[in-house]
Amino acid sequence: MDIIFKNVSYTYQQNSPFAHKAIDQLNFHIPSGTFVAIVGHTGSGKSTLIQHLNGLLQPTEGEVWIGDYHLTPDKKPKDMKKLRSSVGVVFQYPEHQLFEETIAKDISFGPKNFGVGDSEIQRRINEVLPAVGLTEDFLERSPFDLSGGQMRRVAIAGVLATKPKVLVLDEPTAGLDPRGQREMMDMFYDRHQKERLTTILVTHSMEDAVTYADHVIILNKGTKYMEGKPEEVFVQKAALQKVQLDVPEIVTFLDRFEARFGVSIPFTRQTEKELASTIANVIKEGSVHE
Amino acid sequence: MSNKLVEFRNVSFRYGEEQPWVLKNCSFEIYKEEWVAIIGHNGSGKSTIAKLMNGLLFPQEGEIYIDGKLVQEETIWDIRKDVGMVFQNPDNQFVGTTVQDDVAFGMENRGFSREDMLTRIEVVLDAVRMQDYRLTEPHRLSGGQKQRIAIASVLAISPKVLILDEATAMLDPKGRKEIMATVTGVQEKNNVALLTITHDLQEIVQADRVIVMNEGEVWQETTPRTLFSQQQELREIGLDVPFIATLANELKQAGIPISQEPLNHKELLEELWTLYSRT
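Sequence order sets the numbering: in each chain, residues are counted from 1 along the sequence as written. Working convention: letters from A go to chains and numbers from 1 go to ligands, in the order in which they are written. Selection of residues for local features in this predicted model requires a pLDDT of at least 70, selection of side-chain atom pairs for listing and counting requires 80 or more, and totals for whole chains, interfaces and linings are taken over all residues.

Novice: Got a minute to help me understand helix α9 (residues 243–253) of chain B in this structure?
Specialist: The α-helix advances 3.6 residues per turn, and as a result positions three or four apart in sequence lie on the same side. Considered for burial, the residues of α9 of chain B that qualify are I244, A245, L247, A248, N249 and L251 of chain B. One or two positions beyond α9 of chain B, positive phi appears at G255 of chain B, with a value near 90°. The burial label depends on the number of other C-beta atoms within 10 Å of a residue's C-beta. Counts of 20 or more mean buried, 12 or fewer mean exposed, and intermediate counts mean partly exposed, with C-beta atoms placed from the backbone. Helix and strand labels come from DSSP, where a helix needs a run of H or I of at least four residues and a strand needs a run of E of at least two; each type is numbered from the N terminus.

Novice: How should the pairing of strand β6 (residues 83–86) of chain B be read in this particular structure?
Specialist: Side-chain positions along a regular strand alternate between the two faces of the sheet. Residues and elements named next belong to chain B. Side chains V83 and M85 of β6 all project onto a buried face; the interleaved residues G84 and V86 project onto the opposite face, where all are buried too. In this sheet, strand β7 (residues 161–165) lies alongside β6 in parallel orientation, the contact comprising four bridges. From the neighbouring strand, M85 faces β7, where its bridge partner is I163. By definition, two strands form a pair when at least two bridges between them are found by DSSP.

Novice: Quick question: what am I supposed to make of the packing of helix α3 (residues 99–109) of chain B against helix α4 (residues 114–127) of chain B here?
Specialist: Packed helix pairs are specified by the crossing angle of their axes together with the interaxial distance, meaning the distance between the axes. Residues and elements named next belong to chain B. Axis definition: a line fit to C-alpha positions, over the contact stretch in the case of helices; interaxial angles, taken between N-to-C directions, run 0 to 180 degrees. In contact at an axis separation of 10 Å, α3 and α4 are set at 120° when each is read in the N-to-C sense. One way to sum up the angle between α3 and α4 is to call them oblique. Relative to α4, α3 is oriented so that their crossing is right-handed. On α4, the residues that touch Q100, V103, A104 and M107 of α3 are M117, R120, I121, V124 and L125. Classifying every residue of the contact of α3 with α4 gives seven nonpolar, one polar and one charged. Each angle gets one of four labels, with under 35 degrees taken as roughly parallel, over 145 as roughly antiparallel, 65 to 115 as roughly perpendicular, and the rest as oblique. Crossing chirality is assigned from the near helix's rotation relative to the far helix, an anticlockwise turn below a right angle marking it left-handed and a clockwise turn marking it right-handed. Throughout, a residue-residue contact means that the two C-beta atoms, derived from backbone geometry, are no farther apart than 7 Å. Only Asp, Glu, Lys and Arg are considered charged in this grouping, and only Ala, Val, Leu, Ile, Met, Phe, Trp, Tyr, Cys and Pro are considered nonpolar; every other residue, Gly among them, is considered polar.

Novice: Where do I start with the sheet that holds strand β5 (residues 69–70) of chain B in this structure?
Specialist: Either a parallel or an antiparallel arrangement is found when strands of a sheet pair, and the pairing is made through backbone hydrogen bonds. All names here are of chain B. Read from one edge to the other, the open sheet built from four strands follows the order β2-β1-β4-β5, with strand pairing classed as antiparallel. Each edge of the open sheet is held by one strand with a lone partner, namely β2 (23–31) and β5. For strand β1 (residues 4–13) and strand β4 (residues 61–66), the ladder comprises five bridges, and the chain directions are antiparallel. Within β4, the position partnered with R9 by the bridge is E63. The strands touched by helix α1 (residues 46–53) are β1, β2 and β4; relative to β1, the strand with the most contacts, the crossing angle is about 120°.

Novice: In this structure, what is going on with the interface of chain A and chain B? I would like to understand it.
Specialist: Often the size quoted for an interface is simply the accessible area lost on bringing the parts together. Taken residue by residue, the interface counts 32 residues in chain A and 30 residues in chain B. Secondary-structure elements contributing two or more residues to the side of chain A that touches chain B are α6 (178–194), α10 (249–261) and α11 (272–289) of chain A. In terms of residue count, the dominant contributor to the side of chain A that touches chain B is α11 of chain A (ten residues). In terms of residue class, the side of chain A that touches chain B is made up of twelve nonpolar, eleven polar and nine charged.

Novice: Just to check I follow, could you spell out helix α1 (residues 46–53) of chain A for this structure?
Specialist: Residue and element names in this part refer to chain A. By the criterion of burial, α1 is predominantly enclosed, with six of the eight residues buried. Among all positions of α1, only K46, T48, L49, I50, H52 and L53 are buried. At the exit of α1 stands G55, carrying a positive phi of roughly 75°.

Novice: How should I be thinking about the sheet that holds strand β5 (residues 69–71) of chain A in this particular structure?
Specialist: All names here are of chain A. Strands sit in the order β2-β1-β4-β5 across an open sheet of four strands; the sheet is antiparallel. Every interior strand has two partners, whereas the edge strands, β2 (20–30) and β5, have only one. On average, each strand axis in the sheet is tilted by 20° relative to the strand beside it, whichever way the strands run. As judged from the three bridges shared by strand β4 (residues 61–66) and β5, these two strands associate in the antiparallel manner. When the sheet's bridge partners are listed, V64 is paired in β5 with L71.

Below, the structure written as structure tokens:
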């Protein structure tokens, strides 16, 4: 589903002395099937933005299109439930939202609410469980006996079981250890490709944005500060630092390399291996010229 | 008096009779004014170590000594004066309505005099570079600022060892940098041993020693530089290899003779430059 924001603003507690504009005149278009990273420091409006994606908030100005669903200040889609079954949101620390007695019941809760039949739910559980790295013997256990990382996998399985077309991920790897982070991001990327999802990743991690996203939107104080391909956006060090964001470590290294050697190596989202072979060439060529 | 500040002697711990052992026969020492990092994947037992050190938990087997005192029910109040702890979630550790009230809280509990408290508040807020926020309400601070206040509150009671238990895990990159800079400054200026518990290898670079935990056991006691060169092993126990170590390794594979494992960009660039200008 295409996602379009057209002059979207959202003001909390409008028409009161406490009014606070969290997003301001936001415009962007996310084509169906894109993996987008939304990056911005705390308070930049990321959370407010994603709550528009499944109609938890309606814009106070402008309009939002999620596929055929249209949200404006005075009109929300008739079939909000259907919108919400198409847009799966994994909120921050989703393990805090578990509540059922068994893992099977917790995963079933979402699809059941959207009117999916029991046999289909069973089929979906069998499909999403291995995807999040859990096995069937978990199903009858209480979600509260699991470790934090496992609880998060259960919560995510619950979102995936609703078969969303748009997947919204709000800092999904916060608090996990490095292996856990990588496994989780690889899992989302795999779903993204296999199910041809439109994926929106809210993150602090420039490294994740570089690794997974086709497109990056940088937010600052509720407005769109930059937008483009990762390799275009992440080389603009000065502009990013102005809004207290870092460039990926490899970009910093390339800058320092240029300062020391006077040789510029462009950032192309290369791997460490590719970069090493470029540097090796620079050093060996040095020997040729001498 | 010996230089040994913390000693774990064959410590084993589990949360219940039927539960698996979280720590298995762990022994290690931390010396005065030393910076030790404990690193390990989730569930490797690293946070349990912190809780055992100030008597929030007691081991089933083995003994723990803090500055020569055995940690047990009778000594925990003395032990807690020596062991200061900052936890992961900045929002869970505030009690005061202003920054200075919050810093004062720990001192009030320990019966410091008012004059002493006033001086110490000055000193510790200065140490974490938060002197302009004395009268600010804690909820108006950023995550990084909150953790700096938490560090100040602990420093105010002059502990002998300061433990940071994943104190940067919930912060954004800017907050992390703030904390690491604060910690470095604090360790240089105060006579305090530091124990930082983390799963981020970037955060151990400045430590004097590293204890690597895996599955409840001390897997290795080493230095950051040696650890950075063990890439295969690190991946096997669920830890990430920093960019600079991966790149150095790939350069070696590409036929560049890197002699010293680099800890940061500068070290690697200097070495490459030497190779470049020599040829």
